[in-house]
Amino acid sequence: MKITRPKIIGTLKIQVMMAGNLAVVNDIKNAPNKIIVQCDSYEHGQEIIEKIKTSKQGEILHF
């Protein structure tokens, strides 16, 4: 999966989705800045959050 890092990140958190799987989501409701990335475990989710936080705006991230 690849995403382009948006300008505004918001608060990133690991959340259990309706189907029971884990995902990294942010608290922004607008479509251009919304982030939803599926993860395997809480440790994998923490790695994804760190990658997103350390990247620059417009950078393409691969997960």
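Placed above this text is the structure.
Residues numbered from 1 in each chain as written. Predicted model: local features only at pLDDT ≥ 70, side-chain atom pairs only at ≥ 80, totals over all residues. Heavy atoms only, no water.

### Structural notes on the sheet that holds strand 4 (residues 36-39)
In step 1: Across the sheet, three strands lie side by side as 2-3-4; this open sheet has antiparallel pairing. Strands at the two margins of the open sheet, each flanked by one partner only, are strand 2 (12-16) and strand 4. On average, each strand axis in the sheet is inclined to that of its neighbour by 30°, with strand direction left out of account.
In step 2: Seen against the sheet, helix 1 (residues 42-54) touches strand 2, strand 3 (22-26) and strand 4 and runs at an angle of roughly 150° to strand 2. (Pairing = 2+ DSSP bridges. Helix = DSSP H or I, 4+ residues; strand = E, 2+ residues; numbered from the N terminus. Axes fitted to C-alpha atoms, helices over the stretch in contact; angles between N-to-C directions. Contact = heavy atoms within 4.5 Å.)

### So, the nonpolar core
In step 1: In terms of nonpolar packing, the biggest core is built from 13 residues, with Leu12, Val24 and Ile52 touching the most fellow members.
In step 2: Breaking this core down by element, the ones donating at least two residues are strand 2, strand 3, strand 4 and helix 1.
In step 3: The biggest single contributor to this core is helix 1, with three residues. (Core = buried A, V, L, I, M, F, W, Y, C linked by side-chain atoms within 4.5 Å. Buried < 20%, exposed > 50% of the residue type's maximum accessible area, 1.4 Å probe, protein only.)

### Points about the pairing of strand 3
In step 1: Counting buried residues along strand 3, five of its five residues qualify, which places the element largely inside the surrounding structure.
In step 2: Every second residue of strand 3 is oriented toward a common face, with Leu22, Val24 and Asn26 on one face and Ala23 and Val25 on the other, all of them buried.
In step 3: Relative to strand 4, strand 3 runs antiparallel, the two sharing four bridges. Opposite Ala23, over in strand 4, you have Gln38 as the bridge partner.

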